Amino acid sequence: MWVADMDLKTPQFVVDAVSQRAQEGTYGYEMYDEKAKLAQIQWMKKRHNFTFEIDDLFYSHSVVASMNVAIQAFSEEGDKIIVQTPVYSPFFKSVKNNKREVLLNPLKKDENGEYTFDFDDLESKIDDKTKLLLLCSPHNPVGRVWRHEELERLGEICLKHNIIVFADEIHSDLLIGGVKHTPFATLSTQLNALCITAIGVGKTFNLAGIASSNVVIQDEVLKKRFDEVYESIHFAQGNIFAHAAIQSAYSEGSLWVDELLVHLEDNFKALSEMLLKHENSIRFMIPQGTYLAWLDCSALNMRDSELREFFVKEARLGLSPGLSFGKEGSQYMRINCAVSSDMMHEAVLRLDSALRGRTDG
Ligand SMILES: Cc1ncc(COP(=O)(O)O)c(C=O)c1O
């Protein structure tokens, strides 16, 4: 229950669309289908009120690759790039790989234990070498879906300092308990003009292996600069099976996703109910987005290596250690809850029994 893909089957209508394409038996070059792009545009409008045109879309095989293009396009070696830890590790690895400097702006917890942006820390650290902010929205691993006003305040700071925002919104369809996602690019015309958004079917429909996502840029100046680096790498047009998968997922997938979200919420609840029975043990808030649960294990008083051993050997669960998301992830574990009810039940039983073993023993 570690890597961020689902243990649930991709919807049958997508499997059928890909199988049908496979049956055609011609696997040569193929343009990214306009119908697939239109299906995505409609999806984004309907589900997130995010409106853009076909010309605003760039195909990419990977969100992380797009992030690297943005880093190269909008900063130079030695520049600073804001990363809000704990976060999915390619955020800070990509900055370092491109010989830029990570400007750490760790998230902080408010009085209710909810993660928030630390605006004061951010403002105190920004200087004229700070060029880009890598925003994770919804946030992996802490599960926050940023509120409109939080994003707006973050945006104001970026606007004031002329900082471009790469908004990784790959988890934006995975919203728990009716929470709404605000695409950063929809906040205002001014913020749209400094925003590069990454979206795609990978997380929503368990299609990460189909290797297809998109970047949306609406500002012409930004688009031109992004395109220069993008073209220099040659991303081409993607793979033919992805075209079939995307079109079918976005045009037929609404109900399937609605049902998925109810299932994920049930899984989170099962975990939460069990953990509530263990006082002073693992603290956990049901996430607002993503299928990832972020477990605060600090009350167990174990070192990070011990914690990992505890999960593997006592609970018999393979999770992602919090430290892999930056040092702020120390004492945390991330568990992927996109599994069947049976598997979730089994995981809950195992963890329950391991925690009992600790307190009873
Ligand atoms: C926030 C975030 N961005 C990007 C990715 C990876 O996207 P891709 O496989 O398209 O590079 C992940 C996968 O876990 C993720 O959680």
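Residues numbered from 1 in each chain as written. Predicted model: local features only at pLDDT ≥ 70, side-chain atom pairs only at ≥ 80, totals over all residues. Heavy atoms only, no water.

### Structural notes on the pairing of strand 3 (residues 101-104)
Every regular strand shows the same layout, with side chains that alternate between the two sheet faces. This is how the line gets drawn: DSSP bridges decide pairing: two strands pair if at least two such bridges lie between them. Helical segments are the DSSP runs of H or I of at least four residues, strand segments are the runs of E of at least two, and each set is numbered from the N terminus. Classification remark: right-handed applies to a crossover when, strands pointing away from the viewer, the course from the first strand over the helix to the second runs clockwise.
Where strand 2 (residues 80-83) and strand 3 come together, 4 bridges link them in parallel fashion. Residue pairing across strands places Ile 82 opposite Leu 103, the latter belonging to strand 3. For the crossover from strand 2 across helix 4 (residues 90-97) to strand 3, the handedness is right-handed.

### Quick look at helix 3 (residues 63-74)
We count it as follows: Expected helix span is taken as 1.5 Å per residue step, with the number of steps being one fewer than the number of residues. Exposed residues in this analysis have more than 50% of their type's maximum accessible area, buried residues have under 20%, and partly exposed residues fall in between, with area computed by a 1.4 Å probe over protein chains only. Each polar contact in these results corresponds to two N or O atoms within 3.5 Å; when the atoms are within protein, one needs to be able to donate a hydrogen and the other to accept it, and residues that are neighboring in sequence are counted only if both atoms are side-chain atoms.
The end-to-end C-alpha separation of helix 3 is 16 Å, in line with the 16 Å expected for 12 residues at 1.5 Å each. If you check which residues of helix 3 are buried, you get Val 63, Ala 65, Ser 66, Met 67, Asn 68, Val 69, Ala 70, Ile 71, Ala 73 and Phe 74. Capping the start of helix 3 is the job of one residue whose side-chain oxygen sits 3.1 Å from the backbone nitrogen of Val 64: Ser 62.

### Notes on the packing of helix 10 (residues 254-277) against helix 12 (residues 341-360)
The criterion, for reference: Axes here refer to lines fitted to C-alpha atoms; in helices the fit is confined to the stretch in contact. Angles between the N-to-C directions go from 0 to 180 degrees. Should an angle lie under 35 degrees it is considered roughly parallel, over 145 roughly antiparallel, and from 65 to 115 roughly perpendicular; all remaining angles are considered oblique. Each crossing gets its hand from how the near helix is turned against the far one by less than a right angle, where anticlockwise is left-handed and clockwise is right-handed. A contact between two residues is defined here by any heavy atoms of the two lying within 4.5 Å. Nonpolar residues are Ala, Val, Leu, Ile, Met, Phe, Trp, Tyr, Cys and Pro. Charged residues are Asp, Glu, Lys and Arg, and all others, Gly as well, are polar.
The contact between helix 10 and helix 12 brings their axes to 10 Å, and the two run at 15 degrees. In terms of axis orientation, helix 10 runs roughly parallel to helix 12. The way helix 10 lies across helix 12 gives a crossing that is right-handed. Between helix 10, through His 263, Asn 267, Ala 270, Leu 271, Met 274 and Leu 275, and helix 12, the contact on the second element is made entirely by Ser 341, Met 344, Val 348, Leu 351, Asp 352 and Leu 355. For the contact of helix 10 with helix 12, the class distribution of residues is 8 nonpolar, 3 polar and 1 charged.

### Some thoughts on the pairing of strand 12 (residues 332-336)
Where burial is concerned, most of strand 12 is hidden: 5 out of the 5 residues are buried. Residues Tyr 332, Arg 334 and Asn 336 point to one face of strand 12 and Met 333 and Ile 335 to the other, with burial holding for every one of them. In the sheet, strand 10 (residues 292-296) pairs with strand 12 via 5 bridges, with the strands oriented antiparallel. Looking across to strand 12, one finds that Leu 292 is bridged to Asn 336. As paired elements, strand 11 (residues 320-321) and strand 12 share 2 bridges and run antiparallel to each other. Bridge pairing in strand 12 places Ser 320 opposite Arg 334.

### Some points on the sheet that holds strand 10
Across the sheet, 3 strands lie side by side as 10-12-11; this open sheet has antiparallel pairing. Because the sheet does not close on itself, it has two edges, and the strands there are strand 10 and strand 11. In the packing of helix 10 onto the sheet, the strands contacted are strand 10 and strand 12, and the crossing angle to strand 10 comes to about 15 degrees. Against the sheet, helix 11 (residues 304-314) contacts strand 10, strand 11 and strand 12, and its axis sits at roughly 35 degrees relative to strand 12.

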